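Chain and residue survey
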Amino acid sequence: MAPRALAIIAGALVIGLTLGPVTAVILRAEGWSALRPGDWQALRFTLVQATLSAFFSVLFAIPVARALARRQFRGRGALVALLGAPFILPVIVAVLGLLAVFGTSGLANRALSALGLPELTIYGLHGVVIAHVFFNLPLATRLILQGWLAIPGERLRLAASLGLSPRAMWQVLEAPMLRSIAPGAFAVIFVICLSSFAIALTLGGGPRATTVELAIYQAVRFDFDLARAAVLSLIQLGLALVAGLAALRLSRGEGFGIGLDRVVPRWDSGGAARGLDAVWIALAALFLLVPLATVVWRGVPGLVLLGPEVWQAAGHSMLVALGSTALCLIWALPLATRTGEVIGLAGIALSPLVLGTGLFLILRPVVNPVDLALPVTALVNALVSLPFALRILRPEAETIRRDYARLRAALGLTGWAWLRHVLLPRLRRPLGFAAGLTAALSMGDLGVIALFADPDNATLPLKVYGLMGAYRMEAAAGAALLLLTLSLGLFWGFDRGGRVGARA
Amino acid sequence: MKALTVAAALFSASAALADTPVLTVYAGDYITSEWGPGPKIEEMFEARCGCDLQFKPGDLLPRLLLEGERTEADIVFGLTTDATKRARESGLFAPHGQPLDALTLPIDWTDEVFLPFNYGHTAFVYNTERLAEPPASFDDLLNAPDDLKLVIQDPRTSISGLALVLWVQAVYGDEAQAAWEKLAPKILTVTKGWSESYGLFTDGEADMVLSYTTSPAYHIIAEEDRTKKAAIFPEGHYFMVELAAKVANTDQPELADDFMAFILSEDFQSMIATGNWSIPAALPRDGWPDGFKELDLPEKVLFYSEDEAAALRDTAIDAWRRALSQ
């Protein structure tokens, strides 16, 4: 089949899977609902926090990624993999980990009071932004690092032999690369933060930090006001679409031309830059790893309290994660184009509650939705991970298509031969990263399961919540540690697979 | 050939299963999880009914309303009073038909559709090692120094959060917003649900957490920890009850009736206290587990009927939202 046809099918599937459920909910609601006064405030807060969160995530990611791109040190690979961890933690676990560091009785405040300094409070808009940066800085760093590593070694060698100053290096190579990568990273993080609600509420300190997603949750689970849920979720979808289109317009990259896939050491890394890089890497590691360490620390005693049902749930979660990963990659390859990326954003922009409700309404007349709990979860996880996979794959996929177009035409490479000999080998690093991220995300997700829950096929995040709901906080911490370990294991495995032999 | 044998085996297995009547019970995750009362309920009821009780966990009312008349549910287990009005108006439920004279609730309960199985009250729970002198009344709490930190739940996303705003409404009436304004500086944060709040409290992030009068029972019985207590206020505490109901077009009406009767049986009632960490709805205090007998419980109980609650709900939430948004 022609690649174009495949792309159209993949795109239509995404659109069908997002608009279909919304339509089902609208039809069922039989009517529209006007917005309430509080909704405008929620909309404003949602936009402000998402913009700030995405801005700071990308801003701080630039020096960290740059430092990681030009340094080689022991444990660098482990650090890069660990940096992915916050992103894949269940929200509730990550929030407790963050508060163990930044909360009123957290490590930071204990250190401050030992020094006789006044207490800091995390609760407020700044807390929301800090939490979102904690979640998304690693993603932004990896996306941008990917861009740095995609600059062909030949260009760096040329820059070095021309004796370019760091400033000139920046102007000629790094700034153009960032111009093409950063807007997309900003857009994808902006869209994730749009639908944040438990983090925003808890760290925002109260109803000032109400987001649109909270209103959707209230409408679906509490008021059963489907009309309101549909209207709010369409607004959210619209905002995401605008962000995606804006990013697309802004990210006009030139590309650096074709290279020979050789890894070339960098020459611009001596002197003051060295110290600065070390500072950035240390700061990022400290900010991301200390809260994670508290999750591990508190989880260890709980590990012995876990019964067989938790391990069984862990097995289900692994199964779902692997299924989602395969599905997501097959879906992402034909969609790794500019238009494809905007379409893909719909997956995370649609409220998981509306998605779940809509799917339930669609499936219900045909089958018992509960029987499909795991396949539906895998499908939805793949859909939700698609924007990340596309963000990771698209820049390099486009570059390869452009750079090898002549070779392709000259040799008449098509279909499988093109995939096997040119595209896939060159996409190996981003593919590994995308697979790792999808697998890890799918381990942690429980967005749509509320209506589809199947007692015999529960997933691990559900067990974490179940334990907490039954006062078993210690065992819940143990289960959360298990979840963290498995997610990281999957992430590390795939990501490493993609980097074998690449020395990066 | 092999496939045929397998198919035949499967068919006969499902035929054998089909002989056993199935009672489908919708219940919340916290009920059906292995740490909730679900497995025990299933075991006890199956021992007496010769049937297969199947729990379907998940959202109760949203799911039932989505399914409407075509629902598979025979019983819905774990509804709360914030949902009963909507549930009643859906017309999906039938009268439970059980005598209510055995109930031991602190309020008069005459509902013919929704049958209580356990109850508790909203309360602020604290750690005696951290807070030696808790506020002695709601007024005391409002006037406490601002460094007393509370975590509460959002009334728009959580049942206990909604009960809290109704509690404040019941105590302070028209002055509810002023009361919230006094409370606002002490509220460290608001969480989506109970678990997040309670996790923050046990992590030592806050001095007091909005929970239930029965929460200390878990710590006493399961952990032998007597440092968690509920502060009892003379102004009264808001009553929270969990209910079961029979679905009107159930295909197992007799089994469903048996289940409703089972809920009020002594077996069930003696199990539910430590199963769901709540006070049994039809068991005199003498029959409670020891840890429950130790609990500090309020003398005065506040409660709005579902119609009153529905009428007050938006006002109460709005007072909360306005005061805490300033």
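Residues numbered from 1 in each chain as written. Chains lettered and ligands numbered in written order. Predicted model: local features only at pLDDT ≥ 70, side-chain atom pairs only at ≥ 80, totals over all residues. Heavy atoms only, no water.

1. A word on the overall build of chain A
Regarding its fold elements, chain A presents 23 helices and zero strands. Its C-alpha radius of gyration of 23 Å places chain A within 12% of the 23 Å reference for a compact globule of 504 residues. Considering only C-alpha atoms, chain A reaches an extent of 65 × 65 × 50 Å along its principal axes. For chain A, buried positions account for 59% of its 504 residues. When the accessible surface of chain A is totalled, it reaches about 20,100 Å², and 68% of it is carbon and sulfur. Each charge class in chain A can be summarised by its mean position, and for the 41 positive and 23 negative side chains these summaries are 10 Å apart. (Helix = DSSP H or I, 4+ residues; strand = E, 2+ residues; numbered from the N terminus. Rg over C-alpha atoms; globule rule 2.2 N^0.38 Å. Buried < 20%, exposed > 50% of the residue type's maximum accessible area, 1.4 Å probe, protein only. Areas by Shrake-Rupley, 256 points an atom, 1.4 Å probe, with all protein chains shown as cover. Lys, Arg positive; Asp, Glu negative; His and termini not counted. Charge placed at Lys NZ, Arg CZ, Asp CG, Glu CD.)

2. Points about the overall build of chain B
Helix and strand content of chain B: 14 helices and 12 strands. Relative to its length of 326 residues, chain B is compact, with a C-alpha radius of gyration of 22 Å against a globular reference of 20 Å. Considered along the principal axes of its C-alpha atoms, chain B spans approximately 75 × 45 × 40 Å. The buried share of chain B, taken over its 326 residues, is 60%. Counted over contacts in chain B with a minimum sequence separation of 6, partners at least 24 positions apart contribute 77%. Split by element, the accessible area of chain B, about 12,900 Å² in all, is 50% carbon and sulfur. Each charge class in chain B was averaged separately, 25 positive and 53 negative side chains, and the resulting centres sit 4 Å apart. (Contact = heavy atoms within 4.5 Å.)

3. What about the state of the cysteines?
In this structure the tally under the stated criterion is one disulfide over all chains. With a sulfur-sulfur separation of 2.0 Å, Cys-49 of chain B is cross-linked through a disulfide to Cys-51 of chain B. The sign of the S-S torsion, about -85°, decides the handedness of the disulfide formed by Cys-49 of chain B and Cys-51 of chain B: left-handed. The residues Cys-49 of chain B and Cys-51 of chain B share a single accessibility class, namely buried. For Cys-193 of chain A, which is in no disulfide, the shortest distance to another cysteine sulfur is to Cys-328 of chain A and amounts to 19 Å. A relative accessible area of 1% means that Cys-193 of chain A is categorised as buried. (Disulfide = S-S within 2.5 Å.)

4. Side note on the environment of Asp-225 of chain B
Residue and element names in this part refer to chain B. Mapped onto the elements of the fold, Asp-225 is located in the loop between helix H10 (215-223) and strand S9 (228-231). Exposure remark for Asp-225: the relative accessible area of 17% places this residue in the buried category. Taking the C-alpha atoms as reference points, Asp-225 and Tyr-172, separated by 53 residues in sequence, lie 34 Å from one another. For Asp-225, the side chain forms a polar contact with the side chain of Lys-228, separated by 2.9 Å. (Polar contact = N/O pair within 3.5 Å; in protein donor to acceptor, adjacent residues only side chain to side chain.)

5. Some thoughts on the environment of Glu-196 of chain B
Relative to the helices and strands, Glu-196 of chain B is located in helix H9 (residues 194-202). Residues contacting Glu-196 of chain B, with those up to four places away along its chain left out, are Ile-92 of chain A together with Thr-191 of chain B.

6. Things to note about a nonpolar patch on the surface
All names here are of chain A. Together, Leu-6, Ile-9 and Leu-13 make up a nonpolar patch on the protein surface, roughly 260 Å² of accessible area in all. With respect to the helices, strands and loops of the structure, Leu-6 is situated in helix H1 (residues 3-29). The exposure class assigned to Leu-6 is partly exposed, which follows from its relative accessible area of 39%. (Patch = residues over 30% accessible without salt bridge, like charges linked within 9 Å, V, L, I, M, F, W, Y side chains within 5 Å. Salt bridge = Lys/Arg side-chain N within 4 Å of Asp/Glu carboxyl O.)

7. What to know about unusual backbone geometry
Of note, Tyr-471 of chain A is a non-glycine position whose phi angle comes to about 70°, a positive value. Note on placement: Tyr-471 of chain A falls in the loop between helix H22 (460-469) and helix H23 (473-499). Look at Tyr-471 of chain A and you get buried, because its relative accessible area is 6%. In this structure, Glu-224 of chain B takes a positive phi of about 50° despite not being glycine. Considering the arrangement of structural elements, one finds Glu-224 of chain B in the loop between H10 and S9. Taking relative accessible area as the criterion, Glu-224 of chain B reaches 68% and is therefore assigned exposed.

8. Here we look at the confidence of the model for chain A
In the predicted model, chain A carries a mean pLDDT of 83, and 91% of its residues have values of at least 70. Across chain A, the element-wise mean pLDDT spans from 61 in helix H21 (residues 449-452) of chain A up to 92 in helix H2 (residues 37-70) of chain A. (pLDDT = per-residue confidence, 0-100.)

9. Regarding the interface of chain B and chain A
Counting residues at the interface gives 52 residues for chain B and 53 residues for chain A. Of the roughly 4,800 Å² buried between chain B and chain A on both sides combined, carbon and sulfur atoms contribute 58%. Area buried by chain B at its contact with chain A is led by Trp-35, Leu-66 and Arg-156 of chain B, which between them contribute 18% of it. At the junction of chain B and chain A, the tally comes to five salt bridges. For Arg-221 of chain A, the salt bridge goes to Asp-59 of chain B, with nearest N and O atoms at 2.5 Å. (Buried area = accessible area lost by both parts, 1.4 Å probe.)

10. Re the domain arrangement of chain B
All names here are of chain B. You can read the domains of chain B as domain 1 (2-119 + 240-293) and domain 2 (120-239 + 302-325). On a C-alpha basis, the centres of domain 1 and domain 2 stand 29 Å from each other. Tallying the contact residues gives 20 residues for domain 1 and 20 residues for domain 2. Approximately 1,700 Å² of surface area, both sides summed, lies buried where domain 1 meets domain 2, with 72% of it carried by carbon and sulfur atoms. It is Lys-85, Met-240 and Trp-277 that lose the most area in domain 1 upon contact with domain 2, and together they represent 45% of the buried surface on that side. On the surface where domain 1 and domain 2 come into contact, there are two salt bridges. For the pair domain 1 and domain 2, the number of links is five residue pairs in polar contact (both at pLDDT 80 or more). Secondary-structure elements contributing two or more residues to the side of domain 1 that touches domain 2 are helix H5 (81-89), strand S10 (237-247) and helix H13 (290-293). (Domains from an automatic or database assignment.)

11. Let's talk about the nonpolar core
All names here are of chain B. Core analysis: the biggest nonpolar cluster contains 267 residues, and Phe-77, Phe-93, Phe-124, Phe-138, Trp-180 and Phe-259 have the highest contact counts within it. Composition of this core by domain shows at least three residues from each of domain 1 (2-119 + 240-293) and domain 2 (120-239 + 302-325). Apart from the residues within four sequence positions on either side, Phe-93 is in contact with Leu-64, Val-76, Leu-79, Ala-87, Val-113, Phe-114, Ala-245, Lys-246, Val-247 and Ala-248. (Core = buried A, V, L, I, M, F, W, Y, C linked by side-chain atoms within 4.5 Å.)

12. Topic: the packing of aromatic side chains
In this structure the tally under the stated criterion is 37 aromatic pairs over all chains. Both rings, one in Trp-194 of chain B and one in Tyr-198 of chain B, keep their centres 4.8 Å apart while their planes meet at 20°; by these two values the pair is stacked. Here Trp-194 of chain B pairs with Tyr-198 of chain B, and both are found in helix H9, just four residues apart, close to one helical turn. Take Trp-194 of chain B and Tyr-198 of chain B: they sit in the same class, and that class is buried. We note Arg-142 of chain A situated over the ring of Phe-433 of chain A; from NZ or CZ to the ring centre the distance is 3.9 Å. (Phe/Tyr/Trp six-rings, centres within 6.5 Å; stacked < 30°, edge-to-face > 60°. Lys NZ or Arg CZ within 6 Å of the ring centre and 35° of its normal.)

13. Remarks on helix H11 (residues 212-222) of chain A
The periodicity of an α-helix, 3.6 residues per turn, causes residues three or four places apart in sequence to face the same way. Within H11 of chain A, 10 of the 11 residues are buried, leaving the element largely enclosed by the surrounding structure. Within the sequence span of H11 of chain A, burial applies to Val-212, Glu-213, Leu-214, Ala-215, Ile-216, Tyr-217, Gln-218, Ala-219, Val-220 and Phe-222 of chain A.

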